[in-house]
Amino acid sequence: MEEPFSRLLKKSIYPLLILLSFGCRLCFCFRLDPLVATSTLVHGNYTAISDFRVVNRRSLFQCIDPNPFLQINVSSNPSLSNEEFVTVTVSGVLIPSEMDWIAMISPSSSNVDRCLRSKSSYIQTGDIRDLPLLCHYPVKAKFVSSDPDFLSCKKKECKKYNNDGICELTACSGSVTFHVINIRSDIEFVFFTGGFLNPCVLRRSNPLKFSNPNAPLYGHLSSIDSTGTSMRLTWISGDRKPQQVRYRNGKSQASQVTTFSQDDMCSSIFVPSPAKDFGWHDPGYIHTAVMTGLQPSTTSYYKYGSDAVGWSDQIEFRTPPAGGSDEVKFLVFGDMGKAPLDASVEHYIQPGSVSVVKEMVEELKNCNIDSIFHIGDISYATGFLVEWDFFLHLINPLASKVSYMTVIGNHERDYADSGSYYPGPDSGGECGVAYETYFPMPTAAKDKPWYAIEQGCVHFTVISTEHDWTENSQQVAFNFLGIKCRYYVIDMVSTFSKYKWMKMDMASVNRSRTPWLIFMGHRPMYSSYLGIGSTDVNFRHVIEPVLLESKVDLALWGHVHNYERTCSIFKSQCSAMPTKDGKGIDTYDNSISNYKAPVQAIVGMAGFTLDNFSIAADWSLSRFAEFGYVRAHATKDELRVEFVSSNTRKVTDSFRITKY
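Residues numbered from 1 in each chain as written. Predicted model: local features only at pLDDT ≥ 70, side-chain atom pairs only at ≥ 80, totals over all residues. Heavy atoms only, no water.

Membership of the largest hydrophobic core comes to 101 residues, with the highest contact counts inside it found for Phe189, Met336, Trp388, Phe439 and Met520. With 24 residues, the next largest nonpolar core counts Ile463, Tyr526, Phe539 and Cys567 among its residues. (Core = buried A, V, L, I, M, F, W, Y, C linked by side-chain atoms within 4.5 Å. Buried < 20%, exposed > 50% of the residue type's maximum accessible area, 1.4 Å probe, protein only.)

A word on empty space enclosed by the protein. Within this structure, the stated rule accounts for 5 cavities of 30 Å³ or more. Considered as a void within the structure, the largest cavity measures approximately 90 Å³ in volume. Lining the largest cavity are 13 residues, and of these Tyr137, Val139, Gly279, Phe384 and Val386 lie nearest its centre. Looking at the lining of the largest cavity residue by residue, the class counts come to 7 nonpolar, 5 polar and 1 charged. (1 Å grid on protein atoms, 1.4 Å probe; cavity = no way out; pocket = protein on both sides within 12 Å on 5 of 7 lines; lining within 4 Å. Points joined across faces, edges and corners; volume = space filled by probe spheres on them. Nonpolar A, V, L, I, M, F, W, Y, C, P; charged D, E, K, R; others polar.)

With that settled, the discussion passes to the packing of helix 8 (residues 498-507) against helix 9 (residues 537-549). Between helix 8 and helix 9, whose axes approach to 10 Å, the crossing angle comes to 15 degrees. Classified by the interaxial angle, the pair formed by helix 8 and helix 9 is roughly parallel. Of the two possible hands of crossing, helix 8 and helix 9 adopt the one that is right-handed. Together, Tyr499, Met502, Lys503 and Met506 of helix 8 and Val542, Ile543, Val546, Leu547 and Glu549 of helix 9 make up the contact between the two elements. Its residues placed into classes, the contact of helix 8 with helix 9 shows 7 nonpolar, no polar and 2 charged. (Axes fitted to C-alpha atoms, helices over the stretch in contact; angles between N-to-C directions. Helix = DSSP H or I, 4+ residues; strand = E, 2+ residues; numbered from the N terminus. Parallel < 35°, antiparallel > 145°, perpendicular 65-115°, else oblique. Left-handed = near helix turned anticlockwise from the far one by under 90°. Contact = heavy atoms within 4.5 Å.)

Looking now at the sheet that holds strand 21 (residues 345-346). An order of 9-8-4-5-21 is seen for the 5 strands of this open sheet, with the pairing classed as antiparallel. Edge positions in the sheet fall to strand 9 (200-204) and strand 21, since each of these pairs with one other strand and no more. Here 4 bridges tie strand 4 (residues 101-105) to strand 5 (residues 140-143), and the two strands are oriented antiparallel to one another. Within the sheet, the bridge partner assigned to alanine 103 lies in strand 5 and is alanine 141. (Pairing = 2+ DSSP bridges.)

Right, let's talk about helix 9 for a bit. The first and last C-alpha atoms of helix 9 sit 19 Å apart over 13 residues, in line with the 18 Å expected at 1.5 Å per residue. Where helix 9 bends most, at isoleucine 543, the angle is about 35 degrees, and the proline proline 545 comes one to four residues later. Turning to helix 9, its buried residues are Phe539, Arg540, Ile543, Glu544, Val546 and Leu547. On the buried face of helix 9, the contacting elements are helix 8, strand 26 (516-520), strand 27 (554-557), strand 28 (563-570) and strand 32 (599-603). The backbone nitrogen of asparagine 538 lies 2.9 Å from a side-chain oxygen of the residue at the head of helix 9, namely aspartate 536. (Expected span 1.5 Å × (residues − 1). Bend = angle between axes of the 7 residues up to and from the residue. Polar contact = N/O pair within 3.5 Å; in protein donor to acceptor, adjacent residues only side chain to side chain.)

All chains considered together, the criterion is met by 27 salt bridges. Of the charged contacts, one joins glutamate 466 and arginine 523 as a salt bridge, the two residues approaching to 2.9 Å between their closest N and O atoms. Of this pair, glutamate 466 sits in the loop between strand 25 (458-462) and helix 8 while arginine 523 sits in the loop between strand 26 and helix 9, and the two are 57 residues apart along the sequence. Between arginine 656 and aspartate 581 there is a salt bridge; the shortest N-O distance is 3.2 Å. Of this pair, arginine 656 sits in strand 36 (residues 651-658) while aspartate 581 sits in the loop between strand 30 (579-580) and strand 31 (586-589), and the two are 75 residues apart along the sequence. Relative accessible area serves as the criterion here: at 8%, arginine 656 is assigned to the buried category. A single network of salt bridges, built from pairs that share partners, joins Lys140, Lys338, Asp342, Glu346 and Glu387. (Salt bridge = Lys/Arg side-chain N within 4 Å of Asp/Glu carboxyl O.)

Quick look at the structure:
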């Protein structure tokens, strides 16, 4: 008997539906365009070339997918809290693919129609294909295949039964979890197929808003002078009205409020920077307030916010010791950045950062740490501004409790024709604007990020290796033709030589008050890793004699992503070697009669992918390509320094410098 047409139609339409859904979502995994591949060497240091890194360069289109069952759902209240893990589920998937992925987008209003149309506008991504995927770069993404049940379709759901009650069509589902923090602007989750190379949109979630986008968040402390009696607190909020910090039994200080805009970002007139265009994210408002009348080396409490926007939790913090006092304990590291807490893919991931922060938090709990120094390459946002929020969230358990002092690095400042000494676009167009707004240090003026501060028995001299350090350098904020950056104002009157400043600063140190002189900058003088730009011999030739003349005890650097310690070194030669003390620890004699040259150490192993060593050098006494941090304890007679591996929690290197 001939089957009815309706049954024949049902028999044919569902297989056809599956075939169409599968065929329209086929993805061919191409490698990066040859033009991109050849630019990897050039762009790798500041753009982290990867498929996801250049996803905004892909043409965006809606998938031709006739699947009527496809849905995306988010397991969250309509209003998001300041921090939560959100589960996103896609269901009704007929043919699961390895190329299916979900992106978190903010703001949810991002639309390709607003994007620049010129290929050249996006050349700094390292890719020069057609139009961008999104004007606002996806904050993070995950392949749905990270759900182990997705590709195997273990979570089945029948979508169509026949007249006999037998399932004719099943669909699959998969779930992934995202770590979401309050970034003020609303977000949405978008389901793509085609991988990062050939993406098309399948479904979008409804926009999700934060319950309090004005909440005061990510408070972090810094010192403003050497007295230990005042501390600056900086925090972020979506509200521009002044707020308060309340501390020490009823004291309060109102906040000063600032922000920055896309107009403040640096960019060539020919090639717009990520910060200027698709990497931009509204930073909200940055509040700062100075707590005064504190006591050095003392524990106290504060909270910040307002009745209108809410208050932070009450936070316990410790003031640093006053300059000239007997001792100080501090942690120091460089090149940390951040990594996702949800195993997602992001713009720039520093794989060691989470473990290093975790161990330093334990250090603060177990020891009386007075302060922290972060020597350059702070967040690695590099023009993707939302990364700053995630970084500030990561360091909050540290920076909210002790003074968190910073040094500018190439990934905060460098951009061609912006006044940075090195011309590469390492900052992605931020040009130090975001860094100096988020981390105000006790500097003389904007874009003069060098300073000196004393804590305990140590005088710290902090310079910028990213500004002209030559002997006749005049530190003005130039605004060259072709640069668009109105944050820094040309000042032809208050020119200042950084070289002369550092000489005067170190020459003025009272060594009976602060016997230890520690010098900090981002780019090192010596490294046995021979990567492009790892060291600058000209920098060494100019600055090293100043260190020797000033009798610097220890010079600390970042930039190279490992740990390495030298002998007492000058002009690539060991002027003195340490001896072993009774415990077998290397000991340098820096007493007045025996001082020979500074000890130098690279401490850039706090997060960024590690650099292996290229050569064996006679001056290199200890070196490790391991994630970790350095802790130091200075008394009037001894400076003890230890490198702690965050993987093993063990002291991997230890040395002493003595004054007796």
